Amino acid sequence: MKRLSVLLLFVIIIWFLVFRDDSVTLGPGVTAPDVPLQEKIDSPVSFPFKDYTITPLAKFSIRAKVLSREEYSFGREAELSPLDLALGWGTMSDEDVLDSIEIWQTGRWYRWQAKTFPIPRKDIETQSANMHMVPADSYIEDLMDDARQGDLVEFSGSLVKIEADDGWRWISSQTRNDTGARACEVVWVDDFRVIEY
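Values in this document were obtained by computation on a predicted structure and should not be read as measured data. (Residues numbered from 1 in each chain as written. Predicted model: local features only at pLDDT ≥ 70, side-chain atom pairs only at ≥ 80, totals over all residues. Heavy atoms only, no water.)

Novice: An account of the overall build of the protein chain is needed here, citing residue identities and associated values.
Specialist: Scanning the protein chain for helices and strands turns up 5 helices and 10 strands. Classification of the 197 residues of the protein chain by burial places 44% in the buried group. Summarising the internal contacts of the protein chain: among those between residues at least 6 apart in sequence, 71% fall at separations of at least 24. For the protein chain, the exposed surface amounts to about 11400 Å²; the carbon and sulfur share of it is 52%. (Helix = DSSP H or I, 4+ residues; strand = E, 2+ residues; numbered from the N terminus. Buried < 20%, exposed > 50% of the residue type's maximum accessible area, 1.4 Å probe, protein only. Contact = heavy atoms within 4.5 Å. Areas by Shrake-Rupley, 256 points an atom, 1.4 Å probe, with all protein chains shown as cover.)

See below:
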């Protein structure tokens, strides 16, 4: 009987960690109406971080809905950015719209497909983005870990260029109108919160 109880407890823990749906539902309607705010930095000051040099390109802040989240553990990028958030604002923060769009992340890309477009394709492309989140410290990283699919989040920091001594570079997009390769934002995050309803 004791073995059965231990086995049952083990199954419950595995289900909780792997199979449960951890997404949040806020209901229909636009929950993040505003476009991200961005302000160019005219005289950026680079700074060291881990074994890299980070150069801020623009001040950046956003309130957006988490469309998907993906954690990464391996590779150079994961050393800097352990989490990508696919984020939506404007009509891409409306669950009535999102119900018609399949969204997923893989290989540090954000992907979507729709059998029929609930809004124009251009709106999907320009009101959502994949963001590589670079936490400024472990406290910010812990706050980011709390964000679940469906949450409304707010954060600020900088769009950045990251360079290594061996020539490796990772450079943020600075527009919301691009798609495909190099269209993701690389965000140095120094303030983050999940908005509670």
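Novice: Go over the packing of aromatic side chains with me, naming the residues and quoting the values.
Specialist: Two aromatic rings, taken as a pair, are described by how far apart their centres are and by the angle between their planes. A complete count under the given rule lists 6 aromatic pairs for this structure. Ring geometry for F47 against W188: centres 5.0 Å apart, planes inclined by 70°, an arrangement best described as edge-to-face. Here F47 is found in strand β2 (residues 47-49), whereas its partner W188 is found in strand β10 (residues 185-194), with 141 residues between them in sequence. Residue classification places F47 among the partly exposed residues on the basis of a relative accessible area of 26%. (Phe/Tyr/Trp six-rings, centres within 6.5 Å; stacked < 30°, edge-to-face > 60°.)

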